[in-house]
Amino acid sequence: MRIGELAARTGSTARALRHYEQAGLIGSGRAPNGYREYGEPAVVRVRNIRALVAAGLTLEDIEPLLGCLDGDVLAGRPSERVLGIARRRLAVLERRIAAQNEARDRLVAALAAAGVSADAGHADVGHVDRAGTDGLGTEG
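Summarised in this report is the structure supplied together with it. (Residues numbered from 1 in each chain as written. Predicted model: local features only at pLDDT ≥ 70, side-chain atom pairs only at ≥ 80, totals over all residues. Heavy atoms only, no water.)

## Concerning the packing of helix H1 (residues 3-10) against helix H3 (residues 41-54)
Here is the rule: Only the stretch in contact is used when fitting a helix axis, every axis being a line fitted to C-alpha atoms; angles between N-to-C directions are given from 0 to 180 degrees. Every helix listed is a DSSP run of H or I at least four residues long, and every strand listed is a run of E at least two residues long, numbered separately from the N terminus. An angle counts as roughly parallel when it lies under 35 degrees, as roughly antiparallel when it exceeds 145, as roughly perpendicular when it falls between 65 and 115, and as oblique in every other case. Handedness of each helix crossing follows the sense of rotation of the near helix against the far helix: counterclockwise by less than a right angle gives left-handed, clockwise gives right-handed. We call two residues in contact when some of their heavy atoms are within 4.5 Å.
Closest axis-to-axis distance for the H1/H3 pair is 10 Å, and the angle between their directions is 50°. Taken together, H1 and H3 sit at an angle that is classed as oblique. Crossing hand, H1 versus H3: right-handed. Note on element contacts: H3 touches H1 through Ala42, Val43, Val46, Arg47 and Arg50, opposite Leu6, Arg9 and Thr10.

## Some points on the pattern of salt bridges
Formally: We define a salt bridge as a side-chain nitrogen of Lys or Arg found within 4 Å of a carboxyl oxygen belonging to Asp or Glu. Using a 1.4 Å probe on the protein chains alone, a residue whose accessible area is under 20% of its type maximum counts as buried, one over 50% counts as exposed, and one in between counts as partly exposed.
Summed over the entire model, instances satisfying the criterion amount to seven salt bridges. Glu40 is the partner of Arg9 in a salt bridge, and the nearest nitrogen-oxygen pair spans 2.5 Å. Placement of the pair is Arg9 in helix H1 and Glu40 in the loop between strand S2 (36-37) and H3, with a sequence separation of 31 residues. By relative accessible area, Arg9 is classed as partly exposed at 33%. For the salt bridge of Arg104 with Asp105, the shortest nitrogen-to-oxygen distance reads 3.2 Å. For Asp105, a relative accessible area of 44% translates into the label partly exposed. Among the charged side chains, a salt-bridge network with shared partners connects Glu5, Arg9 and Glu40.

## Description of the nonpolar core
How we decide: To qualify as a nonpolar core, a set must consist of buried Ala, Val, Leu, Ile, Met, Phe, Trp, Tyr and Cys residues joined through side-chain atoms within 4.5 Å.
In this structure, Leu6, Leu17, Tyr20, Ile26, Tyr38, Ile49 and Ile62 are the most contacted members of the largest nonpolar core, which totals 22 residues. Elements supplying a minimum of two residues to this core: H1, helix H2 (14-22), H3, helix H4 (59-62) and helix H5 (80-113). With five residues, H3 is the single largest residue contributor to this core. Setting aside chain neighbours within four positions, we find Leu17 in contact with Ile3, Leu6, Ala7, Ser12, Ile26 and Val46.

Structure (structure tokens):
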């Protein structure tokens, strides 16, 4: 099947599939006209890649799992190797979340020091300007 069909069958995009291929997670052959051609097993592999990415893993995290991508990776209990990869990724995400929370707290403090509300909503939404509109062109 060609890249467009694989993308449609997996809910992916051709660009993502080329990215997966560049990362070494999927492979393709070439038709005489140079188009990429994928076999039926690529459908399962791409769905598994997408499920693992949706769970928070990166393509780099997924690369050591190549041997597992052709079956139902979410059906059984994960191996210790998979659990280790997931735990390391979770630790990275936790550190990033903590850093973002610290940045938010610094920004809230700066706004408070300036005497400005730290309302997390969008400034233009719900605000009624002097013209009597809400910033979106509708009356407030």
